[in-house]
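# Structure at a glance
Given next are the chains, with one letter for each unit.
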Amino acid sequence: MRDPLSVVTEAFTSFVLGKVETTRLPVRTSTGQAQAVYLPTAAPGLGDSGVIIGREVYSGKGYIYDPFQLYGQQLPAPHWLVLGESGNGKSALEKTYVLRQLRFRDRQVVVLDAQGEDGVGEWNLVAQQLGITPIRLDPMTALDGGIRLNPLDPSITSTGQLALLRTIIEVAMGHGLDERAGFALKVAHAYVNETTTNRQPVLTDIVEQLRHPEAESAEAMNVDIDDVRAWGLDVALVLDRLVDGDLRGMFDGPTSVGIDLDAPLIVFDLSHIDRNSIAMPILMAIVGVWLEHTWIRPDRKKRIFLVEEAWHIINSPFVAQLFQRLLKFGRRLGLSFVAVVHHLSDVVDGAAAKEAAAILKMASTRTIYAQKADEARATGRVLGLPRWAVEIIPTLTPGIAVWDVNGNVQVVKHLITEAERPLVFTDRAMTESSTPDEPLLPEELQAAEWETEQRAALMERHRYGPADPASSESTVA
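Residues numbered from 1 in each chain as written. Predicted model: local features only at pLDDT ≥ 70, side-chain atom pairs only at ≥ 80, totals over all residues. Heavy atoms only, no water.

The name an unreviewed UniProt entry assigns to the chain is ATP-binding protein, from the organism Streptomyces yaizuensis.

Structure (structure tokens):
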């Protein structure tokens with residue numbers, strides 16, 4: 001029974017206002033149906049310290065990533081794997097990431113640039129804008145004042161030199177050294193190091209000693225001198241390729257003077273080397289060991305080692321083992337290894353499947369750009385990606401990638417500033433006009449201004465030295 005006063009009040013309200021307030025009936029539904037009325041939410045980000053990558057696609061939030069800031073509780077290892085087919089933005093991501101990292105004064109980057117463009121490496125333009133000369137390894141110019149890296153450089157320990165020589169030989173031969181060949185190499189290396197005192201030992205000395213071993217070396221093991229010579233013959237033939245073969249000049253002399261290992265960015269230009277030849281993994285091995293002993297130091301700097309076409313490393317068991325050891329040093333010496341690979345099947349189905357699995361396991365960050373559906377499913381199985389991520393990988397457009405940072409999986413759109421765009425654009429040969437004396441576009445003028453700013457920042461770094469570690473916690477816009 002309704003209250004008489006309420007009835008009178010409703011009647012008066014209806015007469016004056018022409019309407020009566022109604023009561024809304026409750027709606028009964030399931031949680032599965034009701035969730036559609038709520039705004040979608042994205043997974044939490046990675047914090048606000050580091051370099052900006054872009055935006056998380058579903059929420060629009062800024063996406064910030066830095067392995068040095070995340071290392072520890074959020075990230076067990078600072079290493080990073082970048083996957084995806086050509087033309088989807090891998091190169092642009094790598095370059096902008098390096099440029100933004102270099103804004104911190106305690107960062108240093110080495111790039112192995114195996115991609116060629118306009119007769120130079122793909123990173124040549126970036127290096128030029130920063131006032132840095134790439135280290136161009138080219139067998140055509142090595143004998144005419146080109147760059148040389150000496151595997152027997154005194155800055156590399158004797159143990160490291162011998163390990164490097166073994167790796168070079170094993171890569172070239174396609175199998176491990178047997179005990180006799182290994183003994184002949186060890187004896188020749190020891191003799192050269194002991195007797196060469198007035199200059200840097202070079203590979204020619206090793207080859208000569210393998211061909212003409214000393215009698216004392218045979219007597220020490222109670223074997224015939226002819227046996228030692230026979231054991232070392234194959235080794236000598238392999239090393240002769242670096243001395244007098246298609247790779248001559250690059251590694252058979254003292255290390256070139258003027259290589260600045262303290263520069264913020266060091267680019268090894270390998271674009272003049274046939275990427276499908278045995279020369280590429282040999283080069284990777286030599287550069288890797290040379291850097292291990294001459295560049296990586298316990299000086300509190302944060303170092304990034306970025307390798308283009310990294311399947312040359314992961315697909316060779318001997319080179320993969322070498323880099324696997326290098327990655328283990330990363331956590332102790334502040335090294336972040338970045339491997340760029342087109343297809344995961346290039347490495348997991350290769351000759352070094354075991355070593356590749358170990359390296360992939362060390363990469364706690366994985367960025368996957370668009371792949372075909374079957375490749376995406378295979379990648380998802382190997383990397384343990386969630387099903388939803390595997391399903392969207394084939395649908396990704398250029399510049400958008402799935403990021404898996406130690407299980408935190410998000411879809412991120414990479415953003416490039418107008419100042420960065422001319423530096424990361426890698427298909428100029430297909431798109432640029434050959435018309436000379438064209439006026440500068442606005443973005444090119446911005447790039448010139450950006451170049452001046454970058455040079456000033458790098459000069460300031462050299463002047464004042466590494467920043468306090470706390471300075472690296474600020475966000476780079």
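### Some points on the overall build of the chain
Applicable threshold: In this description a helix means any DSSP run of H or I spanning at least four residues, a strand means any run of E spanning at least two, and both kinds are numbered starting from the N terminus. Summary of the burial criterion: residues with accessible area below 20% of their type's maximum are buried, those above 50% are exposed, and those between are partly exposed, where the area comes from a 1.4 Å probe applied to protein chains only. We call two residues in contact whenever any of their non-hydrogen atoms come within 4.5 Å of each other. Each accessible area value is a Shrake-Rupley result obtained with a 1.4 Å probe; residue values ignore everything except the protein chains displayed when judging cover.
Tallying secondary structure elements over the chain gives 21 helices and 13 strands in all. Looking at the 477 residues of the chain, the share that counts as buried comes to 50%. In the chain, once contacts between residues fewer than 6 apart in sequence are set aside, the share between residues at least 24 apart is 75%. For the chain, the accessible area works out to roughly 23700 Å², and carbon and sulfur atoms hold 53% of it.

### Quick word on the sheet that holds strand 4 (residues 107-113)
In plain terms, the rule: We treat two strands as partners when DSSP finds at least two bridges between them.
The mixed open sheet is built from 11 strands, whose spatial order is 2-1-13-12-11-3-10-9-4-8-7. Each end of this open sheet is capped by a strand with a single partner; those strands are strand 2 (62-65) and strand 7 (135-136). The sheet contact formed by strand 9 (residues 302-307) and strand 10 (residues 335-341) spans five bridges and is parallel. Looking at strand 10, one finds that Ile 304 is bridged to Ser 336.

### Digging into the packing of helix 14 (residues 317-333) against helix 16 (residues 353-362)
What counts is decided by this rule: Axis definition: a line fit to C-alpha positions, over the contact stretch in the case of helices; interaxial angles, taken between N-to-C directions, run 0 to 180 degrees. Orientation labels follow simple angle bins: below 35 degrees gives roughly parallel, above 145 gives roughly antiparallel, 65 to 115 gives roughly perpendicular, and whatever is left gives oblique. A crossing counts as left-handed when the near helix is turned anticlockwise from the far one by less than a right angle, and as right-handed when that turn is clockwise.
At a minimum axis distance of 9 Å, the contact between helix 14 and helix 16 shows a crossing angle of 25 degrees. Classified by the angle their axes make, helix 14 and helix 16 are roughly parallel. Where helix 14 crosses over helix 16, the two elements pack in a sense that is left-handed. On helix 16, the residues touching Pro 317, Ala 320, Gln 321, Gln 324, Leu 327 and Lys 328 of helix 14 are Glu 355, Ala 358, Ile 359 and Met 362.

### Focus: helix 8 (residues 203-211)
Burial in helix 8 covers these residues: Leu 203, Asp 205, Ile 206, Val 207, Gln 209 and Leu 210. Check the buried side of helix 8 and you find it contacts helix 6 (158-173), helix 7 (179-195), helix 10 (225-231) and helix 11 (233-244).

### Describing the side chain of His 189
Residue position: His 189 is located in helix 7. Residue His 189 is classed as buried on the basis of its relative accessible area of 3%. Residue contacts for His 189: discarding those within four places in its chain leaves Leu 152, Ser 158, Gln 161, Leu 162, Leu 165 and Ile 206.

### Quick word on the nonpolar core
So the rule is basically this: What we call a nonpolar core is a set of buried Ala, Val, Leu, Ile, Met, Phe, Trp, Tyr and Cys residues that are connected through their side-chain atoms within 4.5 Å.
Within the largest apolar cluster, 95 residues are counted, with the highest numbers of intra-cluster contacts made by Leu 81, Leu 239, Phe 268 and Phe 305. Of the residues forming this core, the biggest block, 11 residues, is contributed by helix 12 (residues 279-294). Among residues more than four places away in sequence, those in contact with Leu 239 are Leu 165, Ile 168, Ile 169, Ile 206, Val 207 and Leu 210. Among the nonpolar cores identified, the runner-up in size contains 35 residues, and Leu 93, Val 98, Val 338 and Tyr 369 belong to it.

### Focus on the packing of aromatic side chains
Using the following cut-off: A pair of aromatic rings is counted whenever rings of Phe, Tyr or Trp (Trp by its six-membered ring) have centres within 6.5 Å, and the orientation is called stacked for planes under 30 degrees apart, edge-to-face for over 60 and tilted otherwise.
Taken as a whole, this structure holds 12 aromatic pairs when the rule is applied. The interplanar angle of 55 degrees and the centroid separation of 5.5 Å between the aromatic rings of Tyr 65 and Trp 80 together place this pair among those described as tilted. Here Tyr 65 is found in strand 2, whereas its partner Trp 80 is found in strand 3 (residues 79-83), with 15 residues between them in sequence. Note on accessibility: Tyr 65 and Trp 80 belong to one class, buried. Geometrically, the ring pair formed by Phe 305 and Phe 337 is edge-to-face, given 5.9 Å between the ring centres and 75 degrees between the ring planes. Remark: Phe 337 occurs in strand 10 and Phe 305 occurs in strand 9; sequence separation between them is 32 residues. Taking relative accessible area as the criterion, Phe 305 reaches 1% and is therefore assigned buried. By the ring-pair criterion, three or more aromatic residues cluster together here, those being Tyr 63, Tyr 65, Trp 80, Tyr 97 and Trp 403.

### Some remarks on empty space enclosed by the protein
We count it as follows: The pocket and cavity definitions rest on a 1 Å grid over protein atoms only: a 1.4 Å probe that fits but cannot leave marks a cavity, an open set with protein on both sides within 12 Å along at least five of seven lines marks a pocket, and residues lining either have an atom within 4 Å of a point. Grid points are joined across faces, edges and corners, and a volume is the space filled by probe spheres set on the points. Residues are grouped as follows: nonpolar covers Ala, Val, Leu, Ile, Met, Phe, Trp, Tyr, Cys and Pro; charged covers Asp, Glu, Lys and Arg; every other residue, Gly included, is treated as polar.
For the coordinates displayed, the defined rule picks out two cavities of 30 Å³ or more. Size it by volume and the largest cavity reaches roughly 50 Å³. In this structure, the largest cavity is lined by His 79, Trp 80, Leu 81, Ile 314, Leu 327, Phe 337, Ala 339, Ile 359, Leu 360 and Ala 363. Elements with a minimum of two residues in the lining of the largest cavity: strand 3, strand 10 and helix 16. Among the elements that take part in the lining of the largest cavity, strand 3 stands out by supplying three residues, more than any other. Looking at the second largest cavity, its volume works out to about 40 Å³. In terms of lining residues, the second largest cavity is bounded by Ala 184, Val 187, Ala 188, Gln 209, Leu 210, Pro 213, Val 228 and Arg 229. Counting residues per element, the lining of the second largest cavity draws most heavily on helix 7, which supplies three residues. By residue class, the composition of the lining of the second largest cavity is six nonpolar, one polar and one charged.

### Focus on the environment of Trp 403
Turning to its location among the elements, Trp 403 is positioned in strand 12 (residues 400-405). With relative accessibility at 1%, the residue Trp 403 sits in the buried group. The spacing of Trp 403 and Thr 365 is 38 residues in sequence and 7.4 Å in space, taken between C-alpha atoms. Excluding residues that lie within four positions of it along the chain, Trp 403 makes contacts with Ile 53, Tyr 63, Tyr 65, Trp 80, Leu 93, Thr 365, Arg 366, Thr 367, Asn 408, Val 409, Gln 410 and Val 412.

### Overview of the side chain of Gln 161
Residue placement: Gln 161 occurs in helix 6. Apart from the residues lying within four places of it in its own chain, the contact partners of Gln 161 are Pro 151, Leu 152, Asp 153, Pro 154, Ile 156, His 189 and Asn 193.

### What about the pairing of strand 13 (residues 408-414)?
Of all seven residues that make up strand 13, six are buried, and the element is covered over most of its length. Sheet analysis places strand 1 (residues 51-56) next to strand 13, joined by three bridges and oriented antiparallel. Bridge pairing in strand 13 places Glu 56 opposite Val 412. A loop of two residues connects strand 12 with strand 13, the two strands running antiparallel in sequence, and Asn 406 in this loop sits at a positive phi of about 55 degrees.

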